[in-house]
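Results of the structural survey
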Amino acid sequence: MSRNKLLLVLLGTSLLTGCAADYLNNYDTMTLASGDTQKANQLLQTIDPYNPASNNTKIEGDGARSVGVVQRYRVPPAASPSTNMTVNVGPSGTSTQ
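Conventions used here
Residues numbered from 1 in each chain as written. Predicted model: local features only at pLDDT ≥ 70, side-chain atom pairs only at ≥ 80, totals over all residues. Heavy atoms only, no water. Helix = DSSP H or I, 4+ residues; strand = E, 2+ residues; numbered from the N terminus. Buried < 20%, exposed > 50% of the residue type's maximum accessible area, 1.4 Å probe, protein only. Areas by Shrake-Rupley, 256 points an atom, 1.4 Å probe, with all protein chains shown as cover. pLDDT = per-residue confidence, 0-100. Patch = residues over 30% accessible without salt bridge, like charges linked within 9 Å, V, L, I, M, F, W, Y side chains within 5 Å. Salt bridge = Lys/Arg side-chain N within 4 Å of Asp/Glu carboxyl O. Expected span 1.5 Å × (residues − 1).

**Considering the overall build of the protein**
Per the secondary structure count, the protein includes three helices and zero strands. Reading the protein from its N end, one meets helices and strands in the order α-α-α. The buried share of the protein, reckoned over its 97 residues, is 0%. When the accessible area of the protein is evaluated, it comes to approximately 10,400 Å², of which 58% is carbon and sulfur surface.

Okay, structure coming up:
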């Protein structure tokens, strides 16, 4: 009989710990969207919140211009020659300590 009681106690505690695990997943922290309820309610009341131009599915593009951009990306321009020049900024003899 004591073995059955032990199994019953283990079964009961396992059921209770399952409920406690879900309770422990609740955190007392704030999200990035906290305080945006007024903005969210305004967007819910807006008839058409999107830009009218977003419905345009025909995106115009120039093929020759796109080819030129891709070719410039693949073959970078030659580097400009470097010059040996020293530039001093600010009065001489000052310390920034």
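**Topic: the confidence of the model for the protein**
For residues with low pLDDT, the predicted coordinates do not support detailed interpretation. Per-chain confidence: the protein averages 78 in pLDDT, with 85% of residues scoring 70 or above. Within the protein, helix α3 (residues 63-74) carries the highest mean pLDDT (88), whereas helix α1 (residues 2-23) carries the lowest (78).

**As for a nonpolar patch on the surface**
There is a patch of nonpolar side chains on the surface, built from L6, L7 and L10 and spanning about 300 Å² of accessible area. In this structure, L6 sits in helix α1. Since its relative accessible area comes to 51%, L6 is described here as exposed.

**A short note on α3**
The terminal C-alpha atoms of α3, which comprises twelve residues, lie 17 Å apart, in line with the 16 Å expected from a rise of 1.5 Å per residue. Summarising burial for α3: zero of the twelve residues are buried, a small minority.

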